[in-house]
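# Observations on chain architecture
The lines below spell out each chain.
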Amino acid sequence: MVDTGVGGGDTEENHREPRDHDRDHDPENGPTAAPAKASHRQMWSVVFLCLYGFIVQLKPGEPFITPLLLSPEKNFTRQQVTNEISPVLSYSYMAVLVPVFLLTDFLCYKPLLVLQSLSHVAIWLLLLLGTTLLQMQFMEFFYGITMATRVAYSSYIFSLVAPALYQRVASYSRSSVLMGVFISSVLGQLCLSLGGVSYAMLSTISLGFVSLGFLLSLCLPWPERSLFFNRARRQDERAEATQCELVKMDPNGFPSPTVTPSWRSSLFFQMVKELRNVVQIPNLRLWSLWWVFNSAGYYLVLFYVHILWNKVYPSTENKHVYNGAVEAASTLLGAITSFGAGFVKIQWNLWSELVIGVITALQAGLLLLMGTTDSIWVCYVSYTLFKGLYQFLVPIATFQIASSLTKELCALVFGVNTFLGTILKTIITIIIVDKRGLGLSVHSQFSVYFFYFAVLTVIYLGSAATVLIRHCRVRRGNATSTEKPAKELCPLGTSVSEPDQHPVNGVSVKR
C-alpha cells in the first residue's frame, strides 16, 4: 500500500514481503528452486484456489431455502422462519467472526477453508434430513460459520503470490466467486422451472457440489508463508540469530541480552495505536462508517427478502418461483456496477458524502417500494437495483480505505469495520426480528429498514452540504487573498507548504 499518512511515515516498502528475486538470493535462506518453477507452482496454486472458490458457490438450492422451509416438505410457519430460525444466522456470524479473523493467518488459511467446506456439507445435510426447529437453527448456525470463514478465502490467495500480483489475483478470486454464484442461481432456476425438480432434489444436487468442494479443500496447497504471524516469528528468529553471531564474534564484549517481551511492542498493539489516528482522517472515517452502517442494513435485507417474496407471492400456491433468476440477475448487475465503479473519476474528498447520500436515498426508496407493493415483479426489480447500488459503492469504499493504509493496518481496519457492522446487525435483529424482542412481521421489518436508510440519507446529505459550504468558503477566501497585492516577501527559510503535512486522498494529515 501507499503511505499511511497517519503519523507513522511508513511506506509499502517497509511492510511488504521480500520480492521473489530477493528470496532467491537471500543468504540466510540459502539457494532456492528456479524462479520459473516457483512461478509455475504459484500459478497452479492460484488456479486451484479459484476453482475451489467457484465450486463451493455451486449451490443451486440456495435461492430456494426459504420456499423449502415453508413447503409441505418441511412445514414450518412463516413466523417460525422469520422470528426463530433466521435470526440464528446473525448470532452465529457475530460469535465466530472474531475467532476466525484471529486464527485465519495464524493457522495458515487452509484449516479454515476445510472448516468452511465441512459447514457447507452440514448445512445441506440438515436441510435434507432435518425436520425439527432445533435442527434448522443448527443449519443457520453452520451458515454463519461459512460466512465468517470467507475471510480465509479472500486472504489465502495473497499468501501464494508476490505483492506485485495482489491486484490481479484479487480480481481472479472475486470473479470466480461471482461466476459461481451466477451459474448456481441460473442452474437452480432452470432445474426448477424447466426440469420440474423438487426442492429436495435441488438440496441433493447442492450437497453433491459442496461435498466436491470439501474434497478440493483437503487438496489445497499449504501457503509458503502467512502475512502477519509467521513473518513476525521470522523477524524474531533473525534478531536472535544476529545476537548469536555477535556473541560468537566477541563472547566477552557482548553480554547475553535479557529478552523482556512486552505486549506494547507487539505488531498488533502498534496497529491498534494507528487505528486511533485513522479515525481522525475525515475520508477514512466517512467510508468506514458507511461500511459499518450500510452493510448492516444491506445484509438484513438480504437475509429476509426471500421471506418477503414468499409473503407477496406464496411458493406453496404458485408453481413459478423465480428466486434463482433474480439472484442471478442481481449478481450480474452487481458485478457490472462493481466493474464500472473503477472508472468513476471525481474528487472524492469533496463529493463522497453527496454520492453516498444520493445512493442511500435511492436504496431507501427501493425498500419503501418493496415493503408496500403487492407485485412480486416490483419486489424482484427493486431488490436487484438495491443490490446493484450497494455493490457499486463497495469497490469505491475498499479503494478509499485501502489506498492510504499499509497492508497490516488495512486488514485490521476492514476487520474492525466488519465486526462493528455485525454487532449493529445483531442488535437490530434482537430488537425487531427475534421473538424475544418485538418479533415484527416481514413487512413491518422492511418499514423499519426504510426508516433506517432514510435516517442515514439525512445524515449523509447534511454532511455533504456542510462539506460543500466549507469548500465554497475556502475558495472564496483564496480568491480574495490572491487579489490583494503582497505587502512583503516571505521570510527567508520558510516554505509555502508545511513539510509535516502529507495528503491522504486529498486530506492533509499532520504528523
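Residues numbered from 1 in each chain as written. Predicted model: local features only at pLDDT ≥ 70, side-chain atom pairs only at ≥ 80, totals over all residues. Heavy atoms only, no water.

### Side note on the overall build of the protein chain
To keep it simple, the criterion reads: Each helix is a run of DSSP H or I of at least 4 residues and each strand a run of E of at least 2, with the numbering of both proceeding from the N terminus. Using a 1.4 Å probe on the protein chains alone, a residue whose accessible area is under 20% of its type maximum counts as buried, one over 50% counts as exposed, and one in between counts as partly exposed. Here, two residues are considered to be in contact whenever any of their heavy atoms come within 4.5 Å of each other. Surface accessibility in these figures is a Shrake-Rupley result with a 1.4 Å probe; residues are shielded only by whichever protein chains are displayed.
Counting secondary structure elements, the protein chain contains 19 helices and two strands. Counting over 511 residues, the protein chain shows a buried share of 45%. A separation of at least 24 residues holds for 83% of the contacts in the protein chain among residues at least 6 apart in sequence. Split by element, the accessible area of the protein chain, about 26100 Å² in all, is 66% carbon and sulfur.

### A closer look at the packing of helix H16 (residues 348–372) against helix H17 (residues 376–402)
Rules: For helices, the axis comes from a line fit to the C-alpha atoms of the stretch in contact; other axes are also lines fit to C-alpha atoms, and the angle between any two N-to-C directions lies between 0 and 180 degrees. Roughly parallel means an angle under 35 degrees; roughly antiparallel means over 145; roughly perpendicular covers 65 to 115; every other angle is labelled oblique. When the near helix sits turned anticlockwise from the far one by under a right angle, the crossing is termed left-handed; a clockwise turn instead gives a right-handed crossing. Under the scheme applied here, ten amino acids are nonpolar (Ala, Val, Leu, Ile, Met, Phe, Trp, Tyr, Cys and Pro), four are charged (Asp, Glu, Lys and Arg), and all others, including Gly, are polar.
For the pair H16 and H17, interaxial distance at closest approach is 9 Å and the crossing angle is 160°. Looking at the two axes, H16 sits roughly antiparallel to H17. You can see that H16 and H17 cross each other, and the crossing is left-handed. Contacts between H16 and H17 pair Trp-348, Val-355, Ile-356, Ile-359, Leu-362, Gln-363, Leu-366, Leu-367, Leu-369 and Met-370 from the former with Val-378, Cys-379, Ser-382, Tyr-383, Leu-385, Phe-386, Leu-389, Tyr-390, Phe-392, Leu-393, Ile-396 and Gln-400 from the latter. Across the contact of H16 with H17, the residue classes tally to 19 nonpolar, three polar and no charged.

### Focus on the packing of helix H14 (residues 282–312) against H16
As a packed pair, H14 and H16 sit with axes 12 Å apart at the nearest point and diverge in direction by 15°. In terms of orientation, H14 and H16 fall into the roughly parallel class. The two elements H14 and H16 cross, and the hand of that crossing is left-handed. In this structure, H14 contributes Asn-283, Leu-286, Trp-287, Trp-290, Asn-294, Val-301, Val-305 and Leu-308 to the contact, and H16 contributes Trp-348, Asn-349, Ser-352, Glu-353, Ile-356, Thr-360, Gln-363, Leu-367 and Met-370. Counted by class, the contact of H14 with H16 contains 10 nonpolar, six polar and one charged residues.

### Brief notes about unusual backbone geometry
The phi angle at Asn-75 is positive, at roughly 65°, despite the residue not being glycine. Note that Asn-75 resides in the loop between helix H4 (65–70) and helix H5 (78–85). Given the relative accessible area of 58%, Asn-75 is considered exposed.

### Comments concerning the environment of Ser-154
By secondary structure assignment, the location of Ser-154 is in helix H9 (residues 150–156). Along the backbone, Ser-154 and Ala-170 are 16 residues apart, and their C-alpha atoms lie at a distance of 7.7 Å.

### Considering the confidence of the model for the protein chain
Going by this rule: Known as pLDDT, the predictor's per-residue confidence is scaled from 0 to 100.
Taken as a whole, the protein chain shows an average pLDDT of 76; of its residues, 72% reach a score of 70 or greater. Under a pLDDT of 50 for its full length, residues 232–249 has, in the predicted model, nine contacts with residues more than four places off or in other chains. Confidence over residues 254–260 falls short of pLDDT 50; this stretch has three contacts with residues more than four positions distant or in other chains.

### Regarding the nonpolar core
It is characteristic of soluble globular proteins that their nonpolar side chains tend to be buried jointly. As a reminder, the rule being used: What is meant by a nonpolar core is a set of buried Ala, Val, Leu, Ile, Met, Phe, Trp, Tyr and Cys residues, joined one to another through side-chain atoms within 4.5 Å.
Grouped together as the largest cluster of nonpolar side chains are 102 residues, with contacts concentrated most on Leu-49, Leu-127, Trp-287, Trp-290, Leu-367, Phe-446 and Tyr-449. Per element, the largest residue contribution to this core is 15 residues, and it comes from H14. Ignoring anything within four residues of it in the chain, the contact list for Trp-290 reads Ser-295, Ile-356, Tyr-390, Leu-393, Val-394, Ala-397 and Tyr-460.

### Quick notes on the side chain of Lys-387
With respect to the element layout, Lys-387 can be found in helix H17. With a relative accessible area of 11%, Lys-387 lands in the buried category.

### Overview of empty space enclosed by the protein
One way to see where empty space is left: roll a probe the size of a water molecule over the atoms. Keep this limit in mind: Of the two site types, the cavity is a set of points on a 1 Å grid over the protein atoms alone where a 1.4 Å probe fits but cannot get out, and the pocket is an open set with protein on both sides within 12 Å along at least five of seven lines, each lined by residues with an atom within 4 Å of a point. Grid points are joined across faces, edges and corners, and a volume is the space filled by probe spheres set on the points.
Summed over the entire model, instances satisfying the criterion amount to two cavities of 30 Å³ or more. Reported here for the largest cavity is a volume of approximately 50 Å³. Considering the residues around the largest cavity, the lining is formed by Pro-67, His-306, Trp-309, Asn-310, Tyr-313, Ser-315, Val-321, Asn-323, Ile-376 and Tyr-380. Taken together, the elements giving at least two residues each to the lining of the largest cavity come down to H14 and H17. Ranked by the residues each element gives to the lining of the largest cavity, the list is headed by H14, at three residues. Of the residues that constitute the lining of the largest cavity, the class distribution is six nonpolar, four polar and no charged. A volume near 30 Å³ is recorded for the second largest cavity. What lines the second largest cavity is Gln-57, Lys-59, Gln-116, His-120, Thr-146 and Arg-150.

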